[in-house]
Amino acid sequence: MNLSFEMAKAFLSQKQISCYHCGESCKTEISYDSKKFCCDGCKLVYDLLKENNLCTYYNLNDSPGISPAKFSFSGKYDYLDNEGITKKLIRFTDGNSTHITFYIPSIHCSSCIWLLENLHRVNDCIISSSVDFLKKEATIVYDQQKIRLSEVVELMAHTGYEPLINLNDLENKSEIKTSRKQIVKIGLAGFCFGNIMMLSFPEYFSSGNFYEQQRLTYFFGYLNLLLSLPVFFYCASEFFSSAWKSIRNRYLNIDAPIALAILVTFSRSLFEIISHSGAGYMDSMSGIVFFMLIGRYFQSRTYDTLSFERDYKSYFPIGVTVKKGGLEISIPVSDLKKSDHIIIRNNEIIPSDAILKSSQTHIDYSFITGESAPVKKMAGELIYAGGKQLDGAIELEVVNPTSQSYLTQLWNQDKKNTQLNQQKTYVDRINKYFTIAVLSISALSGMYWFFTDSSKALDAMTAVLIVACPCGLLLTTTFANGNIMRILGRNKFYLKNSDVIEKLIKADTVILDKTGTITHGSDVSFVGPKLTTHELKIVSSLAGQSSHPLSRQLYSVFNKGEQLPVYSFAEIPGSGLEGCIDNCRVKMGSELFITGQITPGDKQTAKVFLSFDEEIIGYFSFVNSYRAGLERLVSELSESFDLKLVSGDNDSERKAILHIFGCEADIYFNQKPEDKMRHVQTLQQQGSKVIMIGDGLNDAGALRQSDVGIAVSDDTNNFSPACDAILDGSSFNRLPAFIDLARQGKKAIIVTFGISLTYNIIGLSFAVQGVLSPVVAAILMPVSSVTIVLLATISTTLLARAKDL
């Protein structure tokens, strides 16, 4: 018996030579440059990194690499050069710069991110690369004139980061996918746990006679050991892997104490079974793993469901104009289908990959590439989703309806890395101190009971490691804010990301634009000589190029069918439009833009002046109607915010607006876009947190400058990178309820956080006394996490229902 134990001990303690690149044990040792490698692939990657002065990679973590695919062969990725397959995979290309996003399961640490984001130094045909660590995705931008897609993937595979490419999934990206591996682990752990418990029943209920039969005792012990091996080495592998990676990165995550508890329980049980000194605690070990896996599965499924409903099921309040049967109708962008013909106006974002049907145009791809230089496109060319139209209205044929998930991803790309770093810092800070505290309490408990009652030492130490759980503390905000975003999305208020909720809570000032924001529709009349049918068609054709609310109003009133072609179109924000139609130079806009001066006098209505070939014809008069519920909205917002109105229009409606906002309200008229932005800056310099609500396109500067920019949309394409949220016009009067939900949600988070903290205190108090068994602790820990998730989700749902949301 002692000999077998010594042999097992020697075997477990035998020192293995690890690969310098990937850290795996070297079965076949390969020496190169005074370093040891497990295979030629790892040696090749090291040589490649050294050749390109990228060995800093090895300084970030010990043995951070991944052994390259061992089943690669020449030509393995040649199928990716097929034009049809390439078109399905890429997100964007302008003929040179091509963007593609890969899912890479092997991403696991900061070294992976560093290497993948430095691929351009390995091959200068790679323009740039960025990694979304949470999604394990890498977006690669490469020069397709210098390198093929197959070569890009081959380079990634050779460095150990082979993308997972499943062409069958290309058309069904919106399905929620459950990890089959996770289900298998839960099933296997449950099977082994149940059988170990069954084999342990004789020990639980016998009076001692059963185990007097030594052979049967040893036999049952070895059966339990055999059943525990797949649980320990396979089912619990994710806990060990996560803990080891955190240790290699010189910090402790929440998996470290769990992994230690599993390891201690298994090691103690292994010793007792092999030395025949006891029955071990394999039932406790397998129970810990089983219940932990169930808890994580539930968390993962809940989060995936919330994300799925936000990305694919919630209403994305962007409308797009579609041509059907000679008529133009507005539909949600989510309802676009292949072969639909859409109309995109000046400065609108193109929502889907589409073929240009108009003769030519210029596209600004800065939303995707960061480069603002216009790209010329001719009829028949493909234009990618995310481009901004620059030359008036164009007609496109949809070839690939784009999910709102992709549009949201584009929307967030400028802030993604900053937010991820902030979140990681917050989580790591809690993990670090919480884990150190748990390990210290566990060690002190074990030492205390070892000297007072050694039978309780292992149970106390293990129970402390398991029952203490910061998951509730970390998940409360994630699930509460995720559910709030889902609820707001269903009520036609779509937020850019969860960070917007925090900013809404902190805001103390609201600035409202007038036209298209607090107004909705108006009566239009022309003051001047009666316009002919042809002249009205000219007006309609020019107005149809713009997305400004007044232009859209003119277009809807005077559009009677086919439009005249407009050449040399230009739109001057805050001033007006101009273009050449039927060899006539047509201009529409403010009085200053058309006449060069402002005439004092009657200002009872908003006016759009008109000129043909520099001859002033007259002006269109607009009598605005205000949105339903505006007075109540103003009253409710005024209770919590410093409310202001900043408008680019003249003060013709001052009296009506003061009646709604109050005589002492801050009202500003004749404000150009740059004036609105400076107004926001001034308030921020005074310490205010500003919400700007306006036109997503015409107020872009002010929306971007504000702490929270909200674009109001009425079945129009007001999607702009400048805004933080999009509010459907039909839900405008519910904005105070939306903001109040965010504030109440914060209170729910604090309450749930307190409950989670209370659980940890009570659980630890029982664990240190040695009265809490490891199996019970393993049940309580995931149950507490599930409870916290349910509380965060249900409480925010009930708060929303109380507000009829």
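These figures come from a predicted structure and were not determined experimentally. (Residues numbered from 1 in each chain as written. Predicted model: local features only at pLDDT ≥ 70, side-chain atom pairs only at ≥ 80, totals over all residues. Heavy atoms only, no water.)

1. Observations concerning the pattern of salt bridges
Going through the model one piece at a time under the given rule, you end up with 16 salt bridges. Between E395 and K323 there is a salt bridge whose closest N-O contact spans 3.5 Å. One end of the pair, E395, is in strand β15 (residues 394–400); the other, K323, is in strand β7 (residues 319–324), and 72 residues separate them in sequence. In this structure, K803 and D740 form a salt bridge, with 2.3 Å as the shortest nitrogen-oxygen distance. In this pair, K803 sits in the segment after α27 (774–802) while D740 sits in helix α26 (residues 735–768), placing the two residues 63 residues apart along the sequence. Classification of K803 by relative accessible area gives partly exposed; the value is 24%. On the basis of relative accessibility, which here comes to 29%, the residue D740 falls in the partly exposed class. Linked through salt bridges whose partners overlap, the residues forming this network are D81, R148 and E151. (Salt bridge = Lys/Arg side-chain N within 4 Å of Asp/Glu carboxyl O. Helix = DSSP H or I, 4+ residues; strand = E, 2+ residues; numbered from the N terminus. Buried < 20%, exposed > 50% of the residue type's maximum accessible area, 1.4 Å probe, protein only.)

2. Points about the packing of helix α22 (residues 630–640) against helix α23 (residues 654–661)
Relative to each other, α22 and α23 sit at 55°, their axes nearing to 9 Å. With respect to α23, the element α22 is oriented oblique. Residue-level contacts link L630, E631 and V634 of α22 to H659, I660 and F661 of α23. Per-class residue counts for the contact of α22 with α23 are four nonpolar, one polar and one charged. (Axes fitted to C-alpha atoms, helices over the stretch in contact; angles between N-to-C directions. Parallel < 35°, antiparallel > 145°, perpendicular 65-115°, else oblique. Contact = heavy atoms within 4.5 Å. Nonpolar A, V, L, I, M, F, W, Y, C, P; charged D, E, K, R; others polar.)

3. Describing the sheet that holds strand β3 (residues 90–93)
One open sheet accounts for four strands, arranged β3-β4-β6-β5; its pairing is antiparallel. Of all strands in the sheet, those bounded by a partner on one side alone are β3 and β5 (126–132). Taken over all neighbouring pairs, the strand axes of this sheet differ in orientation by 15° on average, direction set aside. Sheet analysis places β5 next to strand β6 (residues 137–143), joined by six bridges and oriented antiparallel. Opposite S129, over in β6, you have I140 as the bridge partner. (Pairing = 2+ DSSP bridges.)

4. So, the sheet that holds strand β28 (residues 725–728)
One open sheet holds the seven strands; their spatial order is β16-β28-β27-β26-β17-β24-β25, and the pairing between them is mixed. Edge positions in the open sheet fall to β16 (493–495) and β25 (666–668), since each of these has one partner strand only. Strand-to-strand twist in this sheet, taken as the mean axis angle between neighbours without regard to direction, amounts to 20°. Note: strand β17 (residues 509–512) against strand β26 (residues 690–694), four bridges, orientation parallel. In the strand pairing of β26, V510 is matched with I691.

5. As for the confidence of the model for the chain
In the predicted model, the chain carries a mean pLDDT of 78, and the fraction of residues at 70 or more is 76%. When mean pLDDT is compared element by element in the chain, strand β21 (residues 584–589) scores highest at 93, while helix α1 (residues 2–13) scores lowest at 41. Low pLDDT, under 50, characterises residues 169–178; the stretch is placed with 16 contacts to residues that sit more than four places away or in other chains. (pLDDT = per-residue confidence, 0-100.)

6. Comments concerning unusual backbone geometry
Backbone geometry places D613, a non-glycine residue, at a positive phi of 50°. We note that N670 has phi near 55°; this positive angle belongs to a residue other than glycine. For N670, the location among the structural elements is in the loop between β25 and α24 (673–685). Of the residues examined, N670 reaches a relative accessible area of 44% and is grouped as partly exposed.

7. Side note on the packing of aromatic side chains
Within a pair of aromatic rings, the relevant descriptors are the distance that separates the centres and the angle that separates the planes. Going through the model one piece at a time under the given rule, you end up with 13 aromatic pairs. Relative to F266, the ring of F232 lies with its centre 3.9 Å away and its plane at 10°, an arrangement referred to as stacked. Remark: F266 occurs in helix α11 (residues 255–275) and F232 occurs in helix α9 (residues 214–235); sequence separation between them is 34 residues. For the pair shown, F232 and F266 are each scored as buried. Counting every residue linked through ring pairs, the aromatic cluster contains F232, F233, F240 and F266. (Phe/Tyr/Trp six-rings, centres within 6.5 Å; stacked < 30°, edge-to-face > 60°.)

8. Notes on the nonpolar core
Grouped together as the largest cluster of nonpolar side chains are 48 residues, with contacts concentrated most on I140 and L396. The greatest single-element share of this core, amounting to six residues, is contributed by helix α7 (residues 149–158). Setting aside residues up to four positions removed in sequence, I140 forms contacts with T98, H99, I100, F102, L119, I126, S128, S129, V152 and M156. Counting residues in each nonpolar core, the second largest holds 45 residues, with F232, A243, A256 and I262 among its members. (Core = buried A, V, L, I, M, F, W, Y, C linked by side-chain atoms within 4.5 Å.)

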